[in-house]
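Remarks on the overall topology
Below, each chain spelled out in residue letters.
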Amino acid sequence: MAEGEALGLIAVGAGLAVGLTGLGAGIAEGNVGAAAVGAITEDASLFGKAMIFMVLPETIVIFGLVISILAIFVM
Amino acid sequence: MSLPESMSRIVIVGTKSHMDEAIEALYSVGAVHLIDHTVDADEGFTLGTSRPYAAKASERLLKVRAMEKDLGITKKTPTAPISESEIKSKISSNSVELVEDEVIAVIDKKNDLNQRITELNATKKSLEQLSKLDIDLDMYSGYRSIFSMVGTATSDPTPLLADIPCEVVCSGISKKEGGVVAVFAKNEDKDKVQSVLSECDFSEISVPDETGKPSAALAKTEHDLVATEAELAKVEEELNKLLDKHKDFLKASEEELSIEAQKGEIPVRIAASDYSFVIDGWVPTKKAEAVKIDIEAKVEGTYVEIQETRTRSMKEVEEAEDRFKEVPTKFNNGRIVKEFQYPTKLMSVPKYQEIDPSILIAIFLPLFFGMMIGDVGYSIPFIILGAYGLKVTHHKDWRAIATVLFFGGIWAFIFGLFFYGECLGMHFIGENTAVEYTWEALLGLHNLPDLFQGILPSIVLDNGEIEYGGVHKLGADWIGFQLKLSVYIGICHLLLAYCCGVYNKTLQHGFSHAFKEKGGWVLSFIGMVLICYSLAMILINGQAFDTVMIPLAIGAVLLVAGVILNIPEDGMQAVLELPGIVGGILSYTRIAAIGMSKAGMALAFNYICIGMIYGGLGEGPIALVIAFALFAFLHLMIWTLGILSAGLHSLRLQFVELMVKFYEGGGVEYEPLKIKRVKTTSNKDKA
């Protein structure tokens, strides 16, 4: 039973890691995205730069993913 | 590797008396990208002046465009093309001016009538108000010692005007709609009356210059209005006739005149002295000789020299004069890859000295798209829609989407058939489980395993059984495999990107420079991959430390070597960017993740339709119809979402992971002087 509980907690932890980082990345990307769209409307040649800024916050969620993979496979 | 086409710089020298012929020749060759002359670049030369015909052409162009606007001719108005010689002779015989006279006469008439209608409407409005009072219109004016004011008010001013000797006439004033008030008072009381009236929200009506009862005047005005409107309709009809009569001419002359104006302005961009001119331009190397022969043959007394054939070395750029530094980029792609230039251009036009990433996008974008979709059922509509789009549309945005759908659809079909063994979220072979269905069990096609068993991947389960039927996107035994696969794809993709970076720098500065600038990143990348691999082996697979000693050690050495190489160029970034490498690789797990999310949705929807509705309502024909309709609708939803998520994410992997590693962009696209005739037909085509 205790083992089952531990497994459950690991699953919850992994879920939280991805979920919360996803939330954070989402908020950040929302802000960047709004500004990026504004900038691109003014000058379409900024697309490349805007795209890069746009995906910067994604790193956070990737770290979340790493943690959750570690949680599931290592713990 | 696909580099932009090699370019040569040519110089055309000739006498000023042959300038027009030279300009004609430049356009007919259609391969010269003009280099703008800069003032003081060559001693004795200045910028030329525009040709004498250019001013006239621009003036006529303005007239034609104004007429088009007046007549309501837009870009989309269908017109028949006119031959070049016909339109030229028409323009030179002052047809533009003649048509203008005709159009302006009608337009003036129309404007006058419109103004008259506005006036009549205003009069009508005043009279409508005045007719409520029923005072003869000539009674409002013509007095010596008294004045009259008439207008609308929201409250009755009579009590407020009690102290002032005056005559007030009101018509049913209500707070909501207001009413009409007329006040007659002595001239000396004018100020007082005005201030009282202003308290009642009074706004004056100007009394029209009519006599008699307002109702009679109103009837007359209404009659006039109808007559004027009828006249306007006639004028509109006349305009429509003019539109039909002249639209072909106007469209064709607009095109011809803009070509003329453009040609006439060419001398402003080139160098000229008192008696001669010099034109610098870029020409694709393989056409340079032909261009030289062609121009020399066409224009008397002109000499063309091929000055240089530019290599990709940046040293040549540094040594060149400012205006010759930038070489235009001519994309050098085949028919299919050409369709993928759109995403490249969206980012930026490649420089002359670097790889055009369109070919990499053409390979990987549809591949990733297909892997994420990986379903025969969804792929067929993608292919059909994409092929239809490519056939029908010429708009570049739609073409880009259709291209991805078509080629991505083909990959999705291949992956769906040979890798996942899946159609509409259901596998071809296998047994039905509690929530999952297969085509074999659903339709009772027990010969399907014979067809697919050999080609689809299989896995040995923990209990020793072999599971056939391809990769199960949601199968617990397959998830690890899919994640690993996407990570390995990511590693290959990124390694390719780093190699492209080295290749670009080798072209531009030679290998040793390239190794110093980009080689460090290749080493760090490989080192990081080896270290992560070893760590994953120890941490996740639980292998002993000494089994992965060698890759770990090699990885560490490569990583340190890479960082040391990078430090002089990038400083602290060389260390700070290292976690980014892991992030970049893991970013590719989205390929597996999006496939899984689609499979998850499809699984749930299939269970709802087949298990709950068809199975739950009893297997009658009604249940079958409902289940089928819902099935179609829900899968259409997944399919639509597939375009968005799979399309955007595979594009993002190209932009952010691949191109950022090596692509600089910021080039100028090759735009040769060329005439594109749509509304006129060239004399050459005829001949």
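Summarised in this report is the structure supplied together with it.

Reading the values: the criteria
Residues numbered from 1 in each chain as written. Chains lettered and ligands numbered in written order. Predicted model: local features only at pLDDT ≥ 70, side-chain atom pairs only at ≥ 80, totals over all residues. Heavy atoms only, no water. Core = buried A, V, L, I, M, F, W, Y, C linked by side-chain atoms within 4.5 Å. Buried < 20%, exposed > 50% of the residue type's maximum accessible area, 1.4 Å probe, protein only. Contact = heavy atoms within 4.5 Å. Salt bridge = Lys/Arg side-chain N within 4 Å of Asp/Glu carboxyl O. Helix = DSSP H or I, 4+ residues; strand = E, 2+ residues; numbered from the N terminus. Axes fitted to C-alpha atoms, helices over the stretch in contact; angles between N-to-C directions. Left-handed = near helix turned anticlockwise from the far one by under 90°. Nonpolar A, V, L, I, M, F, W, Y, C, P; charged D, E, K, R; others polar.

Residues and elements named next belong to chain B. Counting residues in hydrophobic clusters, the biggest one holds 90 residues, and the most contacted among them are Phe368, Tyr378, Phe428, Phe525, Ile581, Ile585 and Ile591. If we ignore the near neighbours within four places in the chain, the residues touching Phe368 are Ile489, His493, Tyr588, Ile591, Ser650, Leu653 and Gln654. Residues Ile35, Ile279, Tyr352 and Tyr670 belong to the second largest nonpolar core, which totals 30 residues.

Further remarks concern the pattern of salt bridges. Two side chains that carry opposite charge are able to pair once their charged atoms sit near each other. Residue and element names in this part refer to chain B. All chains considered together, the criterion is met by 36 salt bridges over all chains. Its salt-bridge partner being Arg116, residue Asp224 comes within 4.0 Å of it at the nearest N-O pair. Note that Asp224 is positioned in helix α6 (residues 214-265) and Arg116 in helix α4 (residues 95-130), a separation of 108 residues in sequence. For Asp224, a relative accessible area of 24% puts it in the partly exposed group. A salt bridge links Arg310 to Glu316; the nearest nitrogen and oxygen atoms lie 3.8 Å apart. Of the residues examined, Glu316 reaches a relative accessible area of 26% and is grouped as partly exposed. Several salt bridges converge on common partners, so that one network encompasses Lys56, Glu59, Arg60, Lys63, Glu97 and Glu100.

Residue and element names in this part refer to chain B. Between helix α2 (residues 52-71) and α4, the least distance of the axes is 10 Å, while the angle of their chain directions is 35 degrees. In terms of crossing hand, the pair formed by α2 and α4 is left-handed. On α4, the residues touching Lys56, Arg60, Lys63, Val64, Met67, Asp70 and Leu71 of α2 are Val96, Glu97, Val99, Glu100, Val103 and Ile107. Here the residues of the contact of α2 with α4 are counted per class, giving 7 nonpolar, no polar and 6 charged.

Moving on, we get to unusual backbone geometry. Most of the time, phi is negative for any residue but glycine, and the peptide bond is trans. All names here are of chain B. Of note, Asp201 is a non-glycine position whose phi angle comes to about 55 degrees, a positive value. In this structure, Leu424 is a non-glycine residue whose phi angle is positive, near 50 degrees. The residue Leu424 is located in the loop between β12 (422-423) and β13 (426-427) in this model. According to the relative accessible area criterion, Leu424 is buried, its value standing at 17%.

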